[in-house]
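Overview (structure and organization)
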Amino acid sequence: MTLPDPRRAPARTDLPWLRHRPLRRVPASPAPRVNLQHPGRPPLGTGRVTPAAPSAGASSLDLTRPSAPVPAPAPDAAEASVAVSSSLDLSSPGLTSSSLDLSSAASSSLDLSTQAPAPASSSLDLSTPAPAESSSDLSTPPAASSLDLGPSTGAAATPSARALVPVRRQPSAAQGDPVLGYEPERVVVGRPTLLNRDRPTVALTRVQSGVGVLRLTMAVGSGVGDLRPAAFCHLSTGETVLLDHNRGMTTAPAGSRRPVVQAVDRGFLVDLRQVSRLQRLVIAGFSPTSSSLAWGGALRVETIGGARVDVPLEREPGAGSLVALSILNVGGQLVLRAERQLVPGALREAALAFGFDGLTWVDAWTPLG
Amino acid sequence: MSWLARLRGDDEPDERDQAPEPDEDSPEALQAAVDELVRFVNARAGALPPAALANARALTDTLTEVVDSAQVRPLDVYAVISVRGVVGDYLPTTLKGYLALDPEVRDVPRAGGHSPTESLMMQIDSLQTSVQATLVATREQDADALMTQGRFLQTKFNRSDLDL
C-alpha cells in the first residue's frame, strides 16, 4: 500500500473555521469542577476572578475561567464538598484526606495548597495567591494562547491564526524534489542557440515547452551520404516507440490519431499541448545501409515562438548511429542536450546505449510493432 | 648510460621496453573516465527519473569543466581526488543503489521521511555542490596565477621602482 505524501495533500481551508466557530455554551452551574484554590484563602484582589465553589459530584479538572464570578467559597461549603469529592480533588480541606489529597491541613512535602506561611511562590504552586499574574496561575489565564481553542477575542489570536496559514516552500533538489538542481541556460528568442561541448544543454521555459509545436529538422548536405533521422520516444505511460518516417513508423504512441510525437520528412513534430505525456525523446541519425557517413550538417529545433536551437552533426567519418540530441521533460520544462555520441552498430545498439530497453527487436534495425 | 658502460661496450637499454606507465590522474585519463560515466548514466536513463537524469548529466558537465581546466594549469591533487572519487565511486554507487531497488518502493517514504527517489535527488545534488566547489577553487587558482603573471611582467618590463 502506498501512503500519500502529506506534503502533497491539498491545503486545509477549514482550520480557521475550526478555530473561530461558535461553540455551544454549556450551563455553568451543573458543571462538575475541581477548585484548585484553598478554601481558606481570602478573596483575591481586584482584577482577579474568584474560582467557583466546589460543587457536589466534582470529578473532573476544570482549568477554564468561570463564566460568572461567584462568591468566595465559605468554609461550610468547602466542608460540604468533602463528602463526595474524589481522589483528584485538590482543594478539599477535610481532615479525612486521601493519599492524593494535596490540600490537607497537615502539611507535607507534597502539599501544594498550604497557604501559611507562604514564603515565595514557585512555578508549581497552583494555589498560593501572588500579587502579579504568572503563567502558572491556572485559575485566571491572562490571554488566549495558541492552545486556546475557544472563542478568541481581540488581537491576541491574530498571530496564532497567521501561524497556521500553510506556507508553500520552494521545490529544491537539495530537499529531494524532482526538479533541476541548477539554473539552466535559456533560449533567447531571435538568437539561435548553438549547443556544443562548451554549452551542451539548454532548457525551454514552461511556456516554450507547453505552447504549440516543437519542430525538429535535420539539415544535411548531399556529401554526407544516406543519413536518415530516427527518434526514440519514452512516454509517461511507460511506452517506448521508435520513429522512422521512411519505414512508416510515424507516430508515438504507435498508431495514435493524436500523437505526441510525429515523424515527418527529415524531422519530427512534438505536440506541446501533450507535453506532459512525453518523458524523453532522443534524436539520432543513421544510415539504413550501415555505410560509413561523412557526418555533417545540423539538427535544428524550433518553437512556435521563434526560439531556435542548433545541434551540429559533426563527427569523424564512420558507420553507426549518431545520437545528436536528447530532450527530457523535467516538471514541464524541456531540457535539450547535445549528446554527440556515435554508437557503433545498428539502431538497437543506439537504443540500448540510451536506456531504451523496453523495445523488442525483430532485427537490429526493426523493433517489434 | 654511464661512461664506464660505454667503454665496456655494453648495449644501451631499449627505451621501448621501458614504456611509461599510464598516468591515471592525467587529464586524458580523467576525461576518459568521465566519458565512461556518461555512457553508464545514459545506458540506465530509462530507469531514472528525468530530473535525476538531468542533474546527473549536469554533474558530468561540471566534472568535464574541472578536467578541462587542466589545459590552463595542472590540476592540483585535491581536484584530482574529487574528480576520481565522484567518477569512480560516489555517483555510480548512488545510481546502482537506486537501480537495485524494486520500482514499487522507490517512491515510498522510508523511516527517515524521504523516499529513495528523494534520497537519490539529494545525493546527486550533494555531489554537484562538491564538484562545483572544486571548480570554483580551480578557477580562483587560475585567476590568482594570472594576477601573479601580471605582476611578474610588470616588474620585468616596466621601470624599476628603484630607478631614478
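Residues numbered from 1 in each chain as written. Chains lettered and ligands numbered in written order. Predicted model: local features only at pLDDT ≥ 70, side-chain atom pairs only at ≥ 80, totals over all residues. Heavy atoms only, no water.

**A closer look at the overall build of chain B**
Here is the rule: Secondary structure counts use DSSP, requiring at least four H or I residues in a row for a helix and at least two E residues in a row for a strand, with both numbered from the N terminus. Here, residues are in contact when the closest pair of their heavy atoms is within 4.5 Å.
Looking only at helices and strands, one finds 5 helices and 0 strands in chain B. For chain B, the α and β elements follow one another from N to C terminus as α-α-α-α-α. Across chain B, contacts joining residues at least 24 apart in sequence account for 67% of those joining residues at least 6 apart.

**Things to note about the interface of chain A and chain B**
Size of an interface, as often reported, equals the accessible area lost when the parts are brought together. Threshold: Note on terms: buried area is the combined drop in 1.4 Å-probe accessible area of two parts once they are placed together, counting the loss on both. We define a salt bridge as a contact between a side-chain nitrogen of Lys or Arg and a carboxyl oxygen of Asp or Glu at a distance within 4 Å. Identification of polar contacts relies on pairs of N or O atoms within 3.5 Å, with a donor-acceptor requirement for protein atoms, meaning one able to donate a hydrogen and the other able to accept it, and with residues adjacent in sequence counted only if both atoms are side-chain atoms.
Listed per partner, the contact involves 27 residues of chain A and 21 residues of chain B. In total, about 2,000 Å² of surface goes out of reach between chain A and chain B, with carbon and sulfur atoms giving 51% of it. Looking at the side of chain A facing chain B, the largest losses of area belong to A:Gly176, A:Arg197 and A:Arg337, adding up to 22% of the total buried there. Measuring nitrogen to oxygen at the nearest pair gives 2.6 Å for the salt bridge that ties B:Asp68 to A:Arg197. For the interface between chain A and chain B, the tally reads 7 residue pairs in polar contact (both at pLDDT 80 or more). Looking at the side of chain A that touches chain B, the elements that each hand over two or more residues are strand E9 (278-286), strand E12 (321-330), strand E13 (333-343) and helix H5 (347-353) of chain A.

**Quick notes on the pairing of strand E3 (residues 213-219) of chain A**
Residues and elements named next belong to chain A. Rules: For every residue, the accessible area obtained with a 1.4 Å probe (protein chains only) is divided by the maximum for its type, and the residue is called buried under 20%, exposed over 50%, and partly exposed between those limits. Strands are labelled as partners when DSSP assigns at least two bridges between them.
By the alternation rule, side chains of E3 split into Leu214, Leu216 and Met218, which are all buried, and Val213, Arg215, Thr217 and Ala219, of which none is buried. Here 5 bridges tie E3 to strand E10 (residues 298-302), and the two strands are oriented antiparallel to one another. Paired with alanine 219 across the two strands is alanine 298, which belongs to E10.

**Looking at unusual backbone geometry**
For residues besides glycine, phi is generally negative; the peptide bonds are generally trans as well. Residues and elements named next belong to chain A. Omega for the peptide link from alanine 252 to proline 253 comes to 0 degrees, which places this bond in the cis form. Looking at the secondary structure, you find proline 253 in the loop between strand E6 (251-252) and strand E7 (261-264). Even without glycine at this site, arginine 266 takes up a positive phi of about 65 degrees. With respect to the helices, strands and loops of the structure, arginine 266 is situated in the loop between E7 and strand E8 (267-271). For arginine 266, a relative accessible area of 31% gives the class partly exposed. Although it is not a glycine, serine 290 adopts a positive phi angle of roughly 60 degrees.

**Focus on the sheet that holds strand E2 (residues 201-203) of chain A**
The strands making up a sheet associate through hydrogen bonds between their backbones, and the pairing can be parallel or antiparallel. For clarity, the threshold we go by: Each axis is a line fitted through C-alpha atoms, and for a helix only the stretch in contact is used; angles between axes span 0 to 180 degrees, taken between their N-to-C directions.
Taken together, the 6 strands give an open sheet; going across it, the order is E2-E13-E12-E9-E4-E5 (chain A), and neighbouring strands pair in antiparallel fashion. At either end of the open sheet lies a strand with only one pairing partner, and these are E2 and strand E5 (240-243) of chain A. With strand direction ignored, the average angle separating the axes of adjacent strands in the sheet is 15 degrees. Judged from the 8 bridges that link them, strand E4 (residues 228-235) of chain A and E9(A) form a sheet pairing that is antiparallel. Paired with A:His234 across the two strands is A:Arg280, which belongs to E9(A). Packed on one face of the sheet, helix H3 (residues 50-68) of chain B meets E2, E9, E12 and E13 of chain A and runs near 125 degrees to E12(A).

**Describing a nonpolar patch on the surface**
To keep things clear, this is the line we draw: Residues enter patches when they are more than 30% accessible in relative terms and free of salt bridges; like-charged ones are connected within 9 Å and nonpolar ones (Val, Leu, Ile, Met, Phe, Trp, Tyr) within 5 Å. To measure how exposed things are, a 1.4 Å probe is used in the Shrake-Rupley method; for residues, cover is taken only from the protein chains shown.
Together, A:Val207, A:Val211 and A:Ile304 give the surface a local cluster of nonpolar side chains, amounting to about 300 Å² of exposed area. Classification of A:Val211 as partly exposed rests on a relative accessible area of 43%.

**Brief notes about H3(B)**
Applied cut-off: Here a helix's expected span is defined as the number of its residues, less one, multiplied by 1.5 Å.
Between its terminal C-alpha atoms H3(B) stretches 27 Å, which fits the 27 Å expected from 19 residues at 1.5 Å a residue. Counting buried residues along H3(B), 17 of its 19 residues qualify, which places the element largely inside the surrounding structure.

**A few points about the pairing of E10(A)**
Residues and elements named next belong to chain A. The alternating pattern of E10 places Leu299 and Val301 on a buried face and Ala298, Arg300 and Glu302 on a face that is not buried. Note that E10 and strand E11 (residues 308-312) share 5 bridges and pair antiparallel. Note on E11: the bridge partner recorded for leucine 299 is valine 311. Between E10 and E11, which follow one another and run antiparallel, lie 5 residues, and glycine 306 among them has a positive phi close to 100 degrees.

**Some details on the nonpolar core**
Put simply, the test is: Only buried residues count toward a nonpolar core. Its members are Ala, Val, Leu, Ile, Met, Phe, Trp, Tyr and Cys residues joined through side-chain atoms within 4.5 Å.
Within the largest apolar cluster, 40 residues are counted, with the highest numbers of intra-cluster contacts made by A:Leu216, A:Val261, A:Leu325 and A:Leu336. For this core, the leading source of residues is E12(A), giving 4 residues. Beyond its immediate chain neighbours, meaning those up to four positions away, A:Val261 contacts A:Cys233, A:Leu243, A:Thr250, A:Thr251, A:Ala252, A:Phe268, A:Leu269, A:Val270, A:Leu278 and A:Leu281. Counting residues in each nonpolar core, the second largest holds 39 residues, with A:Ala173, B:Phe40, B:Leu120 and B:Leu135 among its members.

**Concerning the side chain of A:Asp244**
All names here are of chain A. With respect to the helices and strands, aspartate 244 occurs in the loop between E5 and E6. Within the local environment of aspartate 244, its side chain forms a polar contact with the side chain of arginine 247, the two groups lying 2.8 Å apart. Setting aside anything within four residues of it in sequence, one finds aspartate 244 in contact with Pro229, Met249 and Phe286.

**Looking at the packing of aromatic side chains**
Residues and elements named next belong to chain A. To be explicit about the condition: Only rings of Phe, Tyr and Trp enter the pairing, Trp through its six-membered ring, and a pair is recorded when the two centres are within 6.5 Å. The plane angle decides the type: under 30 degrees is stacked, over 60 is edge-to-face, the rest tilted.
Counting across every chain of the model gives 2 aromatic pairs over all chains. On the numbers, 5.5 Å between centres and 25 degrees between planes, the contact of phenylalanine 232 with phenylalanine 356 is stacked. Taken together, the residues phenylalanine 232 in strand E4 and phenylalanine 356 in the segment after H5 connect sequence positions 124 residues apart. A relative accessible area of 0% places phenylalanine 232 in the buried class.

**With respect to the confidence of the model for chain A**
Residues shown with low pLDDT carry predicted positions that ought not to be read at fine detail. All names here are of chain A. As a reminder, the rule being used: Values of pLDDT, ranging from 0 to 100, describe the predictor's confidence in every residue of the model.
With 61% of its residues at a pLDDT of 70 or more, chain A shows a mean pLDDT of 75. Counted against residues more than four places away or in other chains, residues 45-64, with its pLDDT under 50, gives 52 contacts. For residues 150-157, every residue scores under 50 in pLDDT, and the model assigns this stretch 6 contacts once sequence neighbours within four places are set aside.

**Notes on the pattern of salt bridges**
Think of it this way: side chains of opposite charge can pair up when their charged atoms draw near. Residues and elements named next belong to chain A. Enumeration over the complete set of coordinates arrives at 14 salt bridges over all chains. In this structure, aspartate 310 engages arginine 300 in a salt bridge whose closest nitrogen and oxygen atoms are separated by 3.6 Å. Highlighted residues: aspartate 310 in strand E11 and arginine 300 in strand E10, separated in sequence by 10 residues. Judged by relative accessible area, which is 32%, arginine 300 ranks as partly exposed.

**Let's talk about the sheet that holds E7(A)**
All names here are of chain A. Read from one edge to the other, the open sheet built from 7 strands follows the order E1-E11-E10-E3-E8-E7-E6, with strand pairing classed as mixed. The strands lining the two open edges of the sheet, one partner per strand, are strand E1 (193-194) and E6. Bridge count for E1 against E11 is 2 bridges, and the pairing is parallel. When the bridges of E11 are listed, leucine 194 appears paired with aspartate 310.

**Remarks on the packing of helix H2 (residues 27-43) of chain B against helix H4 (residues 77-99) of chain B**
All names here are of chain B. Condition: Working rule for angles: under 35 degrees goes down as roughly parallel, over 145 as roughly antiparallel, 65 to 115 as roughly perpendicular, anything else as oblique. Crossing handedness: left-handed means the near helix sits turned counterclockwise from the far one by under a right angle, and right-handed means the same turn made clockwise. In this count, Pro and Cys sit with the nonpolar residues alongside Ala, Val, Leu, Ile, Met, Phe, Trp and Tyr, while Asp, Glu, Lys and Arg are called charged and the others, Gly among them, polar.
Relative orientation of the contacting elements H2 and H4 amounts to 15 degrees, with a least axis distance of 10 Å. As judged from the angle between their axes, H2 and H4 are roughly parallel. As H2 runs across H4, the sense of the crossing is left-handed. For the pair formed by H2 and H4, the contact residues are Ala29, Leu30, Ala33, Val34, Leu37, Phe40 and Val41 on the first element and Val80, Val83, Arg84, Val87, Leu91, Pro92, Leu95 and Lys96 on the second. Taken together, the residues of the contact of H2 with H4 break down into 13 nonpolar, no polar and 2 charged.

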